[in-house]
Amino acid sequence: MILEQQIERAGLAGVHAKVLEGQRLSADDGLLLYECPDLPAIGYLANLVRETRHGDLTYYVRNQHINYTNICNKLCKFCSFYVKPKDDRGYVLDPEQVARRIHDYGDAPITEIHMVGGVNPKLPYQYYLDLMRAMKAARPEAHLKAFTMIEMAQIQRVARKPMEEVFADLREAGLESLPGGGAEVFSDRVQEDLFWTKADSEDWLAIAAAAHRSGLPTNATMLYGHVENTEEKVYHLARLREVQDETGGFLCYIPLSFHPERTEIDHLPGPTGQLDLREIAVGRLMLDNFPHIKTFWIMNTIEISQVALWHGANDLDGTVMDYEITRESFEATRQRLTQQELLGRIVEAGRRPVERDSLYNVVAGTEELLGEAAG
Ligand code: V47
């Protein structure tokens, strides 16, 4: 009763009724959720959806991130990872070096390799195919998730083939799904300001849909907490939802919390923990056709990620190993959680961890590990 009064007072009674009836929220509902100051009420509604779909389960994956090049000609103002072509800090990992990175963690029980890089105009089509084959040879049991839609636009450019054929070649070489990066915010205004040289939102969505049609599932992201406004974020979510209605190929949505450090826009304060939780919750409520909402602890911190598990997130990514996109050097990137640490954090948050594979099938054996984590 008290809860209902709180929701009423927050102006969310209409959204609550829709959530209880499983009805789709409108763009106006989305705006309301962004503008309403009562985050606990929004979190409660998102948690209702989360628990209806997934109960108290929290998925996690044992993955390794690899960035094959930091050279990029896209010059995005929000990015601290890239260097321009010809900069002597630039690197390209050849397929053997990538295989060596994988062998470095040969004793870690990884099930997924997540690989992305800059848009490096010097790399030929064959390089991408060789990269896939080298990774598959180094770790045949691991699922290969690689290349954002922005990288795919570049790969197609050098392949000089229709996208469907490029996807078929990459699949044949070992590619099994695509991550959700590079979407930023679907807004011409923000694009003009921050990432004017990149494929625009409709191209990003068309490439994602082409991947889905080629049998490759993808994720979707939104980078928030810089210069975007709420209308733009609601539009972003609405477009993702529309494409998902058409293809059903998105596995999960990951709101990405902007880190201003060492970027061209480092005068901006960056998002607060409140906003991080709100993005998870609004994503869960608006994206009714997305099965999973992921919190990426590298961007959100593990502490906010634990709370996010009560604000709509049902997936906590991951063991990670090394993450360069928001770190200044490879040496500074050793960011990892062991499987036991990850499990412990989920249990501490009052949720039940389940290991998943890259396609969200449950991996057997989590129950025993759970016993160990509790002990
Ligand atoms: O595309 C770039 C973003 C993305 C910054 O699909 C930044 O499972 C914050 O997409 N602050 C790469 N973000 C990361 C990504 C991702 C991460 C984890 C899981 C998955 C998945 C995907 O990071 C980029 C860009 O949108 N990014 N710079 C920054 N300063």
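Quick look at the structure, then. (Residues numbered from 1 in each chain as written. Predicted model: local features only at pLDDT ≥ 70, side-chain atom pairs only at ≥ 80, totals over all residues. Heavy atoms only, no water.)

It is worth spelling out the packing of helix α4 (residues 39-54) against helix α12 (residues 273-286) at this point. The geometry of a pair of packed helices is captured by two quantities: the angle between their axes and the separation between those axes. The interhelical angle for the contact between α4 and α12, taken along N-to-C directions, is 45 degrees, at an axis separation of 9 Å. Classified by the interaxial angle, the pair formed by α4 and α12 is oblique. Crossing geometry of α4 relative to α12 is assigned as left-handed. Facing α4, whose interface residues are Leu-39, Ile-42, Leu-45, Ala-46, Val-49, Arg-50, Arg-53 and His-54, α12 presents Gln-274, Leu-277, Arg-278, Ala-281, Arg-284 and Leu-285. The residue inventory of the contact of α4 with α12, partitioned by class, reads eight nonpolar, two polar and four charged. (Axes fitted to C-alpha atoms, helices over the stretch in contact; angles between N-to-C directions. Helix = DSSP H or I, 4+ residues; strand = E, 2+ residues; numbered from the N terminus. Parallel < 35°, antiparallel > 145°, perpendicular 65-115°, else oblique. Left-handed = near helix turned anticlockwise from the far one by under 90°. Contact = heavy atoms within 4.5 Å. Nonpolar A, V, L, I, M, F, W, Y, C, P; charged D, E, K, R; others polar.)

Of all hydrophobic cores here, the largest spans 116 residues; its most connected members are Leu-12, Met-132, Phe-147, Met-152, Trp-204 and Leu-240. Ranked by residue count, the leading element in this core is helix α6 (residues 125-138), at eight residues. Leave out the neighbours within four places in its chain, and Leu-12 touches Ile-7, Leu-32, Leu-33, Cys-36, Ala-41, Ile-42 and Leu-45. (Core = buried A, V, L, I, M, F, W, Y, C linked by side-chain atoms within 4.5 Å. Buried < 20%, exposed > 50% of the residue type's maximum accessible area, 1.4 Å probe, protein only.)

Once that is clear, we can look at the site of the ligand. The environment of the ligand is formed by 25 residues, the closest being Lys-145, Gly-180, Gly-182, Glu-184 and Lys-294. Gly-180 has a polar backbone atom sitting 2.8 Å from an oxygen atom of the ligand. At 2.6 Å from an oxygen atom of the ligand is found a side-chain nitrogen or oxygen belonging to Glu-184. Counting residues per element, the ones that place at least two in the shell around the ligand are β5 (218-224), β6 (250-257) and β7 (292-296). Taken together, the residues that form the shell around the ligand break down as 11 nonpolar, 10 polar and four charged. (Near = heavy atom within 4 Å. Polar contact = N/O pair within 3.5 Å; in protein donor to acceptor, adjacent residues only side chain to side chain.)

Looking now at the pattern of salt bridges. Here the structure, examined in full by the defined rule, presents 21 salt bridges. Where Asp-288 meets Arg-24, a salt bridge forms, and the shortest distance between an N and an O atom there is 2.9 Å. Taken together, the residues Asp-288 in the loop between α12 and β7 and Arg-24 in the loop between α2 (13-21) and α3 (27-35) connect sequence positions 264 residues apart. The class for Arg-24 is partly exposed, based on a relative accessible area of 33%. A salt bridge links Glu-172 to Arg-133; its shortest N-O distance comes to 3.2 Å. Here Glu-172, found in helix α8 (residues 163-173), pairs with Arg-133, found in helix α6; they are 39 residues apart in sequence, far enough to count as distant. A relative accessible area of 61% places Glu-172 in the exposed class. Residues participating in the shared-partner salt-bridge network are Arg-24, Asp-245 and Asp-288. (Salt bridge = Lys/Arg side-chain N within 4 Å of Asp/Glu carboxyl O.)

Before going further, it helps to examine the pairing of β6. Counting buried residues in β6 gives eight out of eight residues, a clear majority hidden from the surface. Relative to β6, β5 is paired through six bridges, and the arrangement is parallel. From the neighbouring strand, Tyr-224 faces β6, where its bridge partner is Ser-257. Where β6 and β7 come together, two bridges link them in parallel fashion. Each bridged residue has a counterpart across the sheet, and for Tyr-253 the counterpart in β7 is Ile-293. (Pairing = 2+ DSSP bridges.)

Time to look at the sheet that holds strand β4 (residues 143-146). Two orientations exist for strands paired in a sheet by backbone hydrogen bonds: parallel and antiparallel. Here we have three strands laid out as an open sheet, ordered β2-β3-β4, and parallel in their pairing. Only two strands of the sheet have a single partner each, and these edge strands are β2 (63-67) and β4. Neighbour to neighbour, the strand axes of the sheet diverge by 20 degrees on average, direction disregarded. Alignment of strand β3 (residues 112-116) against β4, held across four bridges, turns out to be parallel. Its bridge partner being in β4, Glu-112 is matched across the sheet by His-143. Of the strands in this sheet, β2 and β3 are in contact with helix α5 (residues 95-104), which crosses β2 at around 150 degrees.

Spatial strand order, β5-β6-β7-β8-β1-β9: six strands in an open sheet with parallel pairing. The open sheet has two edge strands, β5 and β9 (352-355), and neither has a second partner. Looking at each pair of strands side by side, their axes are set apart by 30 degrees on average, direction ignored. Running over the sheet, helix α10 (residues 201-213) touches β5 and β6 and is turned about 160 degrees from β5. Along the sheet face, α12 touches β5, β6 and β7 and points at about 165 degrees away from the line of β7.

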